[in-house]
Each structure stands twice: as structure tokens, then as C-alpha cells.
Amino acid sequence: MAAAAALVLGLGLTVLAPGSASASTAVSTGHTISPGTRFFVPPPADGSVQQIAGLVKSGDLKDAKLLTEMETVPSAVWLTGGTPAQVGRQVRTTLAEAALERAEPVFVVYDIPGRDCSEYSAGGAADQAAYQSWIDAVASAVGRAHAVLLVEPDALGNEPSDCNLPTSAYPYTDAERTGEVGYAAGALEKDPNTSVYLDGTNAHWQAVGNITSRLLAAGVQQTQGFFLNVSNFRTNAESQDYGSWISDCIAMVTDPAHWAFGHPEYCASQYYPATVDDFSTWSQTTAWYTQNLGGAVPTTHYVVDTSRNGQGPNTMAAYGASPYDQSPATVAALMQGNWCNPTGAGLGVRPTASTGVPLLDADLWVKTPGQSDGQCDAAGGVRAWDYTAYTQPGWPTDATAQAQFDPLWGQVDPAAGAWFPAQALQLVRLAAPKLG
């Protein structure tokens, strides 16, 4: 983080030296994240320093300071591929950097075969054997170090059968996916100092019973727990309700004495008795678990990605009003794609292991703020737009170009993982709590 630190100092902000009196230096004990854990600040994301320098040069010191502060907040390190030797070096380098900060790194393990239904973040290992070798290299490099490991975002939320792709083009099975996640969990959990979490999706996706079934099949009970809201925008309140319900459901269906033993489909969820888009009804599902938990004891922990949820999800309702005047059908389609580079997002709660919430081990910045979710457009199915109702000079006029254009940002979005300057600025300006 040297370049970002230099800019911070130049802009008059304070940087805490690793291990300074004002920063906690605790690390996790065993598989549990200690409340005082200090998380690792990785080097600035590619593109961030260049944007900060450009803002300084143009005289926009306010935004430069905000972006610089964002880059000094702990966030996850994504392990997204390469050979076993390459990913091993990446892990060891990160661990060495974290040791200098006296901090604990958060790794995202993201190389599952058939990753992301072959969409924006397509890639992953060639097959199960290659994936296991890659995982073994990660586990070996971690060794006995302290680390948080989030295993394969979306892997359980989007199983191969959910992708609706022909087997000729997408030759993966749900059984293979469950086995791969389970293998990764087992290999990484062997380190006595790791906290391993599996994919719990988000509060507006898989129903509680569905994700409970998938988590149990993948071996969640042999790990610290599950993670929620990665790269998404659901509020902390929604995620905490959803997380507690999953933990409750796991407890109920794995207790031989409970009437729901072996039946996660019996568990209440955000869809019933609650109504998913009306948070005022979610207390009904909480009440259901209070009434039905019985002697089952929830023990499965979770973490939440708060990197971009400061303003919550964008309902896209504003695009149905003037000056955009999009139809209700178009607004509904935009809402379905509101996970992909939405406008109106802000940074959320800073990473902390002192949450004060039972079973919530930490709020983390998992998705790297400022990096694109992908080239969000109509061709990819996450944008819709009536250009006869609203357009601007310079916007495309032919159907082919419009299909690859993002009207919410007025541009073609950067590829997944690339720096998105306009989005980065909006995240820091709308941060809740505020930066600066």
C-alpha cells in the first residue's frame, strides 16, 4: 500500500503504522475470528492510484482524499486462478505483507470449474482434478498462518443445474460442484488457524431451506460457517436476519430430536411467511423460528460483505419517472439486474470483527470497491432500456451498439474486475458511514 500511503500523506490524512497504539493487533484464535482482529489492507487496486493522481492534478482534492481513504480500508485478496505454483506464491506474498501490518488477511478462493455459469466472471480450473491441485497449493501456502478464507462465491447459489446451459457447452454437475466445495473446505480447514466460510448467497436470492440444504451437503458443519452478500448490496439488517435464519434452520434440521430433522424444506424464509421485498414483514419469519426452534441450538457462524451496501439495493424506480420515463416492464427488468454495477451505491460499514451480533463473526469488504462487476448490458441480460423514451447525445443509435451499452452509466462498462472510475467516485461520495 506504499503508493496509496504516499498519496494519503500528501493529502494531509493520517496513516496508522502497522502495530501502532491506535490499531488493534489481535488475530483470530483457532477457527474463530477474535473480536479485536485487525484485517489486512492489501496494495491499492489497479487503476485506483492513477485515478487519485488524476484528481489531484485536476485540483479535485476532496474526491482524491475520499478515494485514498477507501484504499486504506482492509479488503479481501481474491485468488482467481493461475497454476498451483502461481497461486501458492500469491498466498505467501500476501501473508508476508499481512505480517508486516500485524494483520490477518481475508482470501477469496475463486477458481471452481464452470465459475459464474460462464458469464461475466467466467473461468476457473479445467476440471475437478486441476481444482483439487490448485486448492492443495492454497492450503499448503497458508500452512499454519492465521487467515480468513471465503470459499467460492456463487458456487452454491448457482449450481450447474441453475445455469440452464446445455451439457455440450457446460459439462458440469451439481454433485461435482458439491464435492469440489467440500474438498476445498476440508483442505483449508486443516490449518488450525483458518476461519473457513462457504457460500450462503444473499438475502434476496436462495430461500433459507434451499441454501441450508446445499451448505450441509458441502460440509458447512466442518467449517466456521458461511458468508453472505458477496459483491451484492443487501442491507446489514436483511443480511443479519437471513444469516440467523440459516443458522436456525441448520440447527433444526441436524437435530435428531427436532420435528424438522432432515427436512430443510420445512424452514421458513424471506419468501414465506415474510414477503421478500417488504422488509417490514421479515419479523414474521423471525417469529416463526422463535416459535419452532425448540431445543435446537444454532452454532453456525457467518460473515457479511459490507463493501458496497451503504445505500442498500437500488430499486431502479427512479428510472420510471422523468426524465427517463421507462416503462414498468423496463424498470422491473432493471431491478432483476440490480446486482450488476448499479447506480446509487455507497461504501458500507468498515470491516470489523466486533459486531455485537450473535454468530456474526465479522463485517468485511470482500468485493474490491471500485472494480466492475462486468460489462453490464442488454446483451448479458442485466439491462433493459427504451432509447425512444430517453437518450443523450453520443449514445449509440443502432441496436447492436445499444445491446452492449449501459444506459445507467452512459458508457460501456469495464470488464469484470477492471477499475470503474465513475462507480468508484459514487461509492466514496455515498458512503454510509461517511468517509473523510
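Look a little higher up for the structure.
Residues numbered from 1 in each chain as written. Predicted model: local features only at pLDDT ≥ 70, side-chain atom pairs only at ≥ 80, totals over all residues. Heavy atoms only, no water.

A short note on helix α8 (residues 236-253)
An α-helix turns once per 3.6 residues; consequently, residues spaced three or four apart project the same way. Just so we agree on the cut-off: Per the convention used, a helix needs a DSSP run of H or I reaching at least four residues, while a strand needs a run of E reaching at least two, with both numbered from the N terminus. Given a helix with a known number of residues, its expected span is that number minus one, times 1.5 Å. Only protein chains enter the area calculation, which uses a 1.4 Å probe; residues under 20% of their type maximum are buried, those over 50% are exposed, and those in between are partly exposed.
Along its 18 residues, α8 runs 26 Å from first to last C-alpha, staying within 8% of the 26 Å computed at 1.5 Å per residue. Of all 18 residues in α8, 13 are buried, a share of seventy percent or more.

Points about the packing of aromatic side chains
Quick reminder of the rule: What counts as a ring pair is set by centres within 6.5 Å for rings of Phe, Tyr and Trp (its six-membered ring), and what kind of pair is set by the plane angle: stacked under 30 degrees, edge-to-face over 60, tilted for all other angles.
Under the counting rule described, the total for this entry stands at 19 aromatic pairs. With 6.1 Å between their ring centres and 55 degrees between their planes, Y120 and W339 make a pair best called tilted. Taken as a pair, Y120 in the loop between β2 (106-109) and α5 (128-142) and W339 in the loop between α10 (328-336) and β7 (360-364) lie far apart in primary sequence, 219 residues in all. Using a relative accessible area of 30% as the deciding quantity, one classes W339 as partly exposed. Look at Y131 and W134: their rings are 6.3 Å apart centre to centre, the planes differ by 20 degrees, and that puts the pair in the stacked class. A residue pair is termed a helical-turn pair when its members lie 3 or 4 positions apart in one helix, as Y131 and W134 do in helix α5 at 3 residues. As far as burial versus exposure is concerned, Y131 and W134 are alike and both buried. Clustering of aromatic rings is evident, with ring pairs tying together Y319, Y324, W385, Y387, Y390, W395 and F405.

Remarks on the environment of T223
Counted only if it meets this: We call two residues contacting when some pair of their heavy atoms lies within 4.5 Å. By the criterion applied in these results, polar contacts are pairs of N or O atoms within 3.5 Å in which, for protein atoms, one can donate a hydrogen and the other can accept it, and in which residues neighboring in sequence qualify only through two side-chain atoms.
Along the chain, T223 falls in the loop between α7 (208-217) and β5 (225-228). Beyond its immediate stretch of four places on either side in the chain, T223 contacts A185, E189, V196 and L198. Within the structure, the side chain of T223 is placed 2.8 Å from the backbone oxygen of V220, a separation counted as a polar contact. From its side chain, T223 meets the backbone nitrogen of G225 in a polar contact 3.2 Å long.

Here we look at the pairing of β2
Note the threshold: Note: two strands are recorded as paired if DSSP finds a minimum of 2 bridges between them. By convention a crossover is right-handed if, when the strands point away from the viewer, the path from the first strand over the helix to the second runs clockwise.
Burial of β2 is two-sided: the residues V106 and V108 facing one way and the residues F107 and V109 facing the other way are all buried. For strand β1 (residues 77-79) and β2, the ladder comprises 3 bridges, and the chain directions are parallel. Looking at the pairing, W78 lines up with V108 of β2. Viewed along the sheet, the connection from β1 through helix α4 (residues 84-101) into β2 turns out right-handed. As judged from the 4 bridges shared by β2 and strand β3 (residues 147-151), these two strands associate in the parallel manner. Looking at β3, one finds that V109 is bridged to V151. One crossover worth recording links β2 to the parallel β3 by way of α5, and it is right-handed.

Details of the nonpolar core
As a reminder, the rule being used: Here, nonpolar core means buried Ala, Val, Leu, Ile, Met, Phe, Trp, Tyr and Cys residues that are tied together by side-chain atoms lying within 4.5 Å of each other.
Core analysis: the biggest nonpolar cluster contains 61 residues, and V138, L149, L198, I246 and Y289 have the highest contact counts within it. With sequence-adjacent residues up to four places away left out, V138 is seen in contact with L79, V87, V91, L149 and L188.

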